[in-house]
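# An overview of the molecular structure
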Amino acid sequence: MTVEPDGAVWGALLGACKIHRNVELAELAFEKVIELELSNIGYYVLLSNIYSDAENMEGITRVRVMMRERKLKKEPGYSYVEYQGRIHLFLVGDRTHPQPQEIYRTLDGLEDIIRRRDGRNDKDQERRNEELMTCIGVHSEKLAVAFGLINTRPGTEITVIKNLRVCGDCHLFLKLVSEIVDRQLLVRDAARFHHFKNGACSCKDYW
């Protein structure tokens, strides 16, 4: 019996196209996935990012026009983690939580370990310094994971729920953190469940 691919399958193919910089196949996958999930804003953003990587300004413009015509707007990203019966919600660059200093100190320490171990360049460090000073770019899933690391016992799995698709930078960060702290991280984003363990993800970088 033939099984028709669903939105998750076409969405995974679209994500793979970003990794391999295949614009032509990305356009096909996008057309298929929006037939099934017309209002899923994450796929429009992903295609726009693929066009951006290819320096295709015409493509970016087309995506923006489509979003405007369909009255689609990117909703603010947020992530949450449950701890001791309470939901702890984090927005992008959030400093309203009662533990902001501990959270950002933990993130800074992890970024420093990653930079020294994997040889991230000075430009990466400048970007991280700007994030810490201005909160710009510190995505909510990083904050939620840092909160979980601070408040749970070593070895405890941390589960985070995110309303948008996790970006490539955060996906790589979470893989590396799972190895550094020897923890399992379970992140549910708009596309799928991601099980991070020992420096790898269950999605095998296709999501």
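From a predicted model like this one, the values you see are computed outputs, not experimental measurements.

### Concerning the confidence of the model for the protein
Of the residues in the protein, 90% have a pLDDT of 70 or more, and the chain-wide mean is 88. Here residues 129-135 is a poorly scored stretch, pLDDT under 50, and it has ten contacts once near neighbours within four places are set aside; other chains count.

### Thoughts on the sheet that holds strand E2 (residues 86-91)
Pairing in this open sheet of six strands is mixed, and the strands run E2-E1-E3-E4-E5-E6 from one edge to the other. With partners counted over all chains shown, the strands left at the sheet margins are E2 and strand E6 (200-201), one partner each. Alignment of strand E1 (residues 78-83) against strand E3 (residues 158-162), held across two bridges, turns out to be antiparallel. Bridge assignment links Tyr-80 to a residue of E3, and that residue is Ile-161. Sheet contacts for helix H8 (residues 168-180): strand E4 (185-188), strand E5 (193-197) and E6; angle to E5, the most-contacted strand, approximately 40°.

### Remarks on empty space enclosed by the protein
Scanning the entire structure with this criterion turns up two cavities of 30 Å³ or more. The volume enclosed by the largest cavity comes to roughly 40 Å³. When grouped by side-chain class, the residues that make up the lining of the largest cavity number three nonpolar, two polar and one charged.

### Overview of the packing of aromatic side chains
Evaluated as defined, the whole model comprises three aromatic pairs. Aromatic side chains Phe-30 and Tyr-44 sit 5.2 Å apart centroid to centroid with 85° between the ring planes, which places their arrangement in the edge-to-face category. You can see Phe-30 sitting in helix H2 (residues 23-36) and its partner Tyr-44 sitting in helix H3 (residues 41-53), a full 14 residues away along the chain. Tyr-44 matches Phe-30 in its accessibility class, with the two residues each being buried. Note on Tyr-83 and Phe-147: the rings are 5.8 Å apart at their centroids and 85° apart in plane angle, and the pair reads as edge-to-face. With a gap of 64 residues between them, Tyr-83 in strand E1 and Phe-147 in helix H7 (residues 140-151) connect regions that are remote in the sequence. Judged by relative accessible area, Phe-147 falls into the buried class, the value being 2%. Lys-142 extends its terminal NZ or CZ atom over the ring of Phe-173, reaching a point 4.8 Å from the ring centre. Between Arg-188 and the ring centre of Phe-193, over which it is positioned, the NZ or CZ distance is 4.9 Å.

### Remarks on the layout of surface pockets
Quantified by volume, the largest pocket comes out at close to 570 Å³. Taken together, 27 residues form the lining of the largest pocket, with Asn-49, Arg-165, Val-166, Cys-167 and Gly-168 sitting closest to its centre. The set of elements that each furnish at least two residues to the lining of the largest pocket consists of helix H1 (7-20), H3 and H8. If you tally residues by element for the lining of the largest pocket, the top one is H3, at six residues. When grouped by side-chain class, the residues that make up the lining of the largest pocket number eleven nonpolar, seven polar and nine charged.

### Digging into the pattern of salt bridges
Taken as a whole and assessed by the stated rule, the structure comprises ten salt bridges. Among the ionic pairs, Glu-141 bridges to Lys-162, the shortest N-O distance being 3.0 Å. Pair noted here: Glu-141 is in helix H7 and Lys-162 is in strand E3, with a separation of 21 residues, a long-range link. Since its relative accessible area comes to 0%, Glu-141 is described here as buried. Across the salt bridge formed by Asp-169 and Lys-142, the nearest N and O atoms sit 3.3 Å from each other. Of this pair, Asp-169 sits in helix H8 while Lys-142 sits in helix H7, and the two are 27 residues apart along the sequence. Overall, Lys-142 belongs to the buried group, its relative accessible area being 1%. One continuous salt-bridge network, built from bridges that share partners, spans Glu-27, Glu-58 and Arg-62.

Rules of the game
Residues numbered from 1 in each chain as written. Predicted model: local features only at pLDDT ≥ 70, side-chain atom pairs only at ≥ 80, totals over all residues. Heavy atoms only, no water. pLDDT = per-residue confidence, 0-100. Contact = heavy atoms within 4.5 Å. Pairing = 2+ DSSP bridges. Helix = DSSP H or I, 4+ residues; strand = E, 2+ residues; numbered from the N terminus. Axes fitted to C-alpha atoms, helices over the stretch in contact; angles between N-to-C directions. 1 Å grid on protein atoms, 1.4 Å probe; cavity = no way out; pocket = protein on both sides within 12 Å on 5 of 7 lines; lining within 4 Å. Points joined across faces, edges and corners; volume = space filled by probe spheres on them. Nonpolar A, V, L, I, M, F, W, Y, C, P; charged D, E, K, R; others polar. Phe/Tyr/Trp six-rings, centres within 6.5 Å; stacked < 30°, edge-to-face > 60°. Buried < 20%, exposed > 50% of the residue type's maximum accessible area, 1.4 Å probe, protein only. Lys NZ or Arg CZ within 6 Å of the ring centre and 35° of its normal. Salt bridge = Lys/Arg side-chain N within 4 Å of Asp/Glu carboxyl O.

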